[in-house]
Amino acid sequence: MAKQRSSGTRKPWWILGLLIIFLSMGSSAAVYYLLDDGGGDTGEQQTQQETEQPTPKPSYVKIEPFTVNLQSDEYDQRLLYVGLSLQVTDESTKETLEENMPQVRSRLLLLMSSQNAEELTSSEGKDALTDQIISLFDRPIAGSDEPLTIDDVLYTEFIVQ
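Residues numbered from 1 in each chain as written. Predicted model: local features only at pLDDT ≥ 70, side-chain atom pairs only at ≥ 80, totals over all residues. Heavy atoms only, no water.

Visitor: Looking at this structure, I do not really get the overall build of the protein. What am I missing?
Guide: The secondary structure content of the protein amounts to six helices and three strands. The order of α-helices and β-strands along the protein, N terminus first, is α-α-β-β-α-α-α-α-β. Per-residue burial for the protein yields a buried fraction of 25% across its 161 residues. A separation of at least 24 residues holds for 72% of the contacts in the protein among residues at least 6 apart in sequence. Of the roughly 11500 Å² of accessible surface on the protein, a fraction of 55% belongs to carbon and sulfur atoms. (Helix = DSSP H or I, 4+ residues; strand = E, 2+ residues; numbered from the N terminus. Buried < 20%, exposed > 50% of the residue type's maximum accessible area, 1.4 Å probe, protein only. Contact = heavy atoms within 4.5 Å. Areas by Shrake-Rupley, 256 points an atom, 1.4 Å probe, with all protein chains shown as cover.)

Visitor: Would you explain the sheet that holds strand β2 (residues 78-88) in this entry?
Guide: Whether parallel or antiparallel, the strands of a sheet pair through hydrogen bonds between backbone atoms. With antiparallel pairing, the three strands of this open sheet are ordered in space as β1-β2-β3. Looking at strand neighbours, the two that pair on one side only are β1 (59-70) and β3 (150-160), the edges of this open sheet. Pairwise comparison of adjacent strand axes, ignoring direction, gives a mean angle of 20° for this sheet. Where β1 lies against β2, 10 bridges are found, and the strand directions are antiparallel. Within β2, the position partnered with Leu70 by the bridge is Arg78. Each of β1, β2 and β3 touches helix α3 (residues 91-99); the most contacted strand, β1, lies at about 40° to it. Relative to β3, helix α6 (residues 123-136) is tilted by about 130°, and along the sheet it contacts β2 and β3. (Pairing = 2+ DSSP bridges. Axes fitted to C-alpha atoms, helices over the stretch in contact; angles between N-to-C directions.)

Visitor: Where do I start with the packing of aromatic side chains in this structure?
Guide: Going through the model one piece at a time under the given rule, you end up with two aromatic pairs. With centroids separated by 5.4 Å and ring planes inclined at 70°, the aromatic side chains of Tyr32 and Tyr33 adopt a geometry described as edge-to-face. Ring centres 5.3 Å apart and planes at 75° place the aromatic pair Tyr155 and Phe158 in the edge-to-face group. What makes Phe158 partly exposed here is its relative accessible area of 22%. (Phe/Tyr/Trp six-rings, centres within 6.5 Å; stacked < 30°, edge-to-face > 60°.)

Visitor: What am I meant to see in the nonpolar core here?
Guide: One broad trend across soluble globular proteins is that nonpolar side chains are buried collectively. By size, the foremost hydrophobic cluster in this structure holds 26 residues, and its most contacted members are Leu84, Leu86, Leu97, Met112, Ile133 and Phe137. Elements with a contribution of two residues or more to this core: β1, β2, α4 (101-113), α5 (117-120), α6 and β3. Every residue in contact with Leu97, bar those within four places of it in the chain, is listed here: Val61, Leu86, Val88, Val104, Phe137, Ile141, Leu148 and Ile150. (Core = buried A, V, L, I, M, F, W, Y, C linked by side-chain atoms within 4.5 Å.)

Visitor: What is the right way to look at the environment of Leu154 in this model?
Guide: Summarising the element assignment, Leu154 is placed in strand β3. Overall, the relative accessible area of 30% leaves Leu154 in the partly exposed class. For Leu154 and Lys62, which are 92 residues apart along the polypeptide, the C-alpha to C-alpha distance reads 9.4 Å. Filtering out sequence-adjacent residues up to four positions away, Leu154 remains in contact with Tyr60, Gly83, Leu84, Ser85 and Gln87.

Visitor: Just to check I follow, could you spell out the pattern of salt bridges for this structure?
Guide: A pair can form between side chains of opposite charge whenever their charged atoms are brought close. Going through the model one piece at a time under the given rule, you end up with one salt bridge. With a shortest N-O distance of 3.5 Å, Arg78 and Glu118 are connected by a salt bridge. You can see Arg78 sitting in strand β2 and its partner Glu118 sitting in helix α5, a full 40 residues away along the chain. (Salt bridge = Lys/Arg side-chain N within 4 Å of Asp/Glu carboxyl O.)

Visitor: Looking at this structure, how should I read the side chain of Gln87?
Guide: Its place among the elements puts Gln87 in strand β2. Among the residues examined, Gln87 registers a relative accessible area of 17% and is labelled buried. Residues in contact with Gln87, not counting those within four places in the same chain, are Pro58, Ser59, Tyr60, Thr149, Ile150, Asp151, Asp152 and Leu154.

Pasting the structure below:
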């Protein structure tokens, strides 16, 4: 009889052990699915979708070269001869700039004539001028309420004399 009692008392512990194993497996699976960000396949799908979307080709608006008088610390007569192209990705911005080219050139001439000749000869001065030109078009052009998005300024000719 002693053998029957000992085997009878072992069954609840064996069932309890299996119950603990199944609960831990279930909780592990639940944590995995809750914390998973959609699986590895969706990350690959997102990467494929991003690469499939073509990046818009940049357009360029060419501004004919012009010459302006520059400010100088030595009160000398200094000139800047500059030709540039504006890089835009939006076709409406390109059309707006081309339709209002006299106003674009006027803004650029006023900005360029206020520059210091000594600063423009360094690369930092040219970078600062690029930033000023881009911020110059934050203001809408008369006759257009659309914002102008200028991505970059490319200098095709640049002579300080």
